[in-house]
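# Observations on chain architecture
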Amino acid sequence: MIIGVSNRFLIDSNNIINPNTIHMKRSIKSITFTTVIILFILTGTAVAQDQIAVPLSNPGQPGQLSLDMIHGSITVTGSDTRDVVIRYRGQELNVREREETRDGLRRIGGGSSGFEVTEDNNRVQISGVSPMSSVDFEIMVPNNFSLKLALVSGPIEIENVSGNLEIDHVNGNVNMTGVGGSALVNTVNGNIMATFQRVDADSPMAFSNVNGDIDISLPGSAQFSPKLRTEWGDMFTDFEIDVQSDNSANDQSSSELFRVDVNKWFEGEVNGGGPEYLLKTLRGDIYLRQQ
């Protein structure tokens with residue numbers, strides 16, 4: 001069932017429509033595509049993968065994808081597509097037996113999970129994913145798309161996307177290959193791996209975690225100022241770094257206080273220096289590589 005109300009479309013989980021049917025023909029693109037709402041019911045077993053194509057207001061122009069959820073996985077791949085294509089499969093967590101009848105009444109709903117997708121001026125947002133479900137997303141976006149992703153448990157994979165990449169994670173690895181632009185990546189438990197094809201000349205970047213390695217590959221011609229720190233681990237690089245500071249100590253004393261501050265940051269300049277690239281981990285190794 002598709003219900004159109006003020007450019008709003010509802011997709012019934014019992015009758016998922018082929019994405020080619022949902023895709024608005026370019027001849028009627030004058031109607032602004034503002035919101036897609038997807039509702040699907042999750043059972044104890046994973047549902048078959050479904051997909052929807054979200055037309056962009058300005059195809060070919062930069063955009064942004066935002067997704068915030070608790071359980072599952074996120075895979076984002078850049079391509080020459082003019083739409084954002086979302087594939088998903090989900091499973092309800094903590095499944096319990098539900099009564100079909102109670103006090104002479106039959107159950108007609110409840111306990112369902114879903115999510116909402118909105119598009120506004122090339123900004124696509126996926127929200128409302130139930131914390132009681134685990135959803136695996138495989139999303140295809142145009143190459144020149146920024147990402148803002150947040151996940152608590154599960155892996156994040158990004159490939160061939162160029163833009164501002166903002167990743168906030170808790171438990172799981174973050175792998176980024178063939179990306180471009182700039183990145184801010186944080187996770188608590190998990191490795192961070194990123195391979196950049198190009199970087200923004202004026203944009204700082206930061207990669208941090210608590211438990212896990214950080215492995216970043218950059219073009220050999222990149223100009224940046226690395227700032228690295230690991231508490232229980234080692235740091236490795238094949239870049240020629242003009243070292244600015246490394247484990248310097250600063251004594252401070254007074255009649256009432258004596259304190260020694262030890263700077264455990266490794267700082268320097270690569271190819272003359274540039275924006276700061278911060279790599280910080282507590283328990284793990286740091287690798288800074290040339291492509």
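Residues numbered from 1 in each chain as written. Predicted model: local features only at pLDDT ≥ 70, side-chain atom pairs only at ≥ 80, totals over all residues. Heavy atoms only, no water.

## Re the pairing of strand 10 (residues 123–127)
Here is the rule: Each residue's exposure class comes from its accessible area (1.4 Å probe, protein chains only) as a fraction of the maximum for that residue type: buried when under 20%, exposed when over 50%, partly exposed otherwise. Helix and strand assignments follow DSSP, with helices taken as H or I runs no shorter than four residues and strands as E runs no shorter than two, numbered in order from the N terminus. At least two DSSP bridges between two strands are required for those strands to pair.
Only one face of strand 10 is buried, namely the one carrying Val-124 and Ile-126, since none of Arg-123, Gln-125 and Ser-127 on the opposite face is buried. Of the pairings in the sheet, the one linking strand 5 (residues 63–79) to strand 10 comprises four bridges and is parallel in character. Residue Gln-64 lies in a different strand from strand 10, and its bridge partner there is Arg-123.

## Looking at the packing of aromatic side chains
Describing an aromatic ring pair means giving the distance of the ring centres and the angle of the ring planes. Short version of the rule: Only the six-membered ring of Trp is used, alongside the rings of Phe and Tyr, when aromatic pairs are assigned; centres must lie within 6.5 Å, and planes under 30 degrees apart are stacked while those over 60 apart are edge-to-face, with the rest tilted.
Applying the stated criterion across every chain yields a total of six aromatic pairs. Here Phe-115 and Phe-137 contribute two aromatic rings whose centre-to-centre distance is 5.2 Å and whose plane-to-plane angle is 75 degrees, an arrangement assigned as edge-to-face. Here Phe-115, found in strand 9 (residues 113–120), pairs with Phe-137, found in strand 11 (residues 133–142); they are 22 residues apart in sequence, far enough to count as distant. Judged by its relative accessible area of 2%, Phe-115 falls in the buried class. Between the aromatic rings of Phe-224 and Phe-239, the centroid separation amounts to 5.4 Å while the plane-to-plane angle is 85 degrees, which identifies the pairing as edge-to-face. A residue pair is termed long-range when its members are at least 10 positions apart, and Phe-224 in the loop between strand 18 (214–218) and strand 19 (225–232) and Phe-239 in the loop between strand 20 (235–237) and strand 21 (241–246) qualify at 15 residues.

## Description of the confidence of the model for the chain
Residues shown with low pLDDT carry predicted positions that ought not to be read at fine detail. Operational definition: Per residue, pLDDT captures the predictor's confidence, and it can take any value from 0 to 100. Note on definitions: a residue-residue contact is assigned when non-hydrogen atoms from the two residues lie within 4.5 Å.
Confidence along the chain averages 80 in pLDDT terms, with 70% of residues attaining 70 or more. Counted against residues more than four places away or in other chains, residues 1–47, with its pLDDT under 50, gives 106 contacts. Under a pLDDT of 50 for its full length, residues 248–254 has, in the predicted model, 15 contacts with residues more than four places off or in other chains.

## A word on the side chain of Ser-182
Under the convention used in this document: Polar contact is the term for a pair of N or O atoms within 3.5 Å; when the atoms are in protein, one must be able to donate a hydrogen and the other to accept it, and sequence-neighboring residues count only if both atoms are side-chain atoms.
Looking at the element boundaries, Ser-182 is found in strand 15 (residues 174–186). Residue Ser-182 is classed as buried on the basis of its relative accessible area, which comes to 8%. Of note is the side chain of Ser-182, whose polar atom sits 3.0 Å from the side chain of Asn-164. Ignoring any residue separated from it by four or fewer positions in sequence, one finds Ser-182 in contact with Gly-163, Asn-164, Leu-165, Asp-200, Ser-203, Pro-204 and Met-205.

## Things to note about unusual backbone geometry
At Asn-121, a position not held by glycine, the phi torsion is positive, near 55 degrees. One can find Asn-121 in the loop between strand 9 and strand 10. Phi at Asn-160 is positive, roughly 60 degrees, even though this residue is not glycine. Secondary-structure assignment places Asn-160 in the loop between strand 13 (156–159) and strand 14 (162–171).

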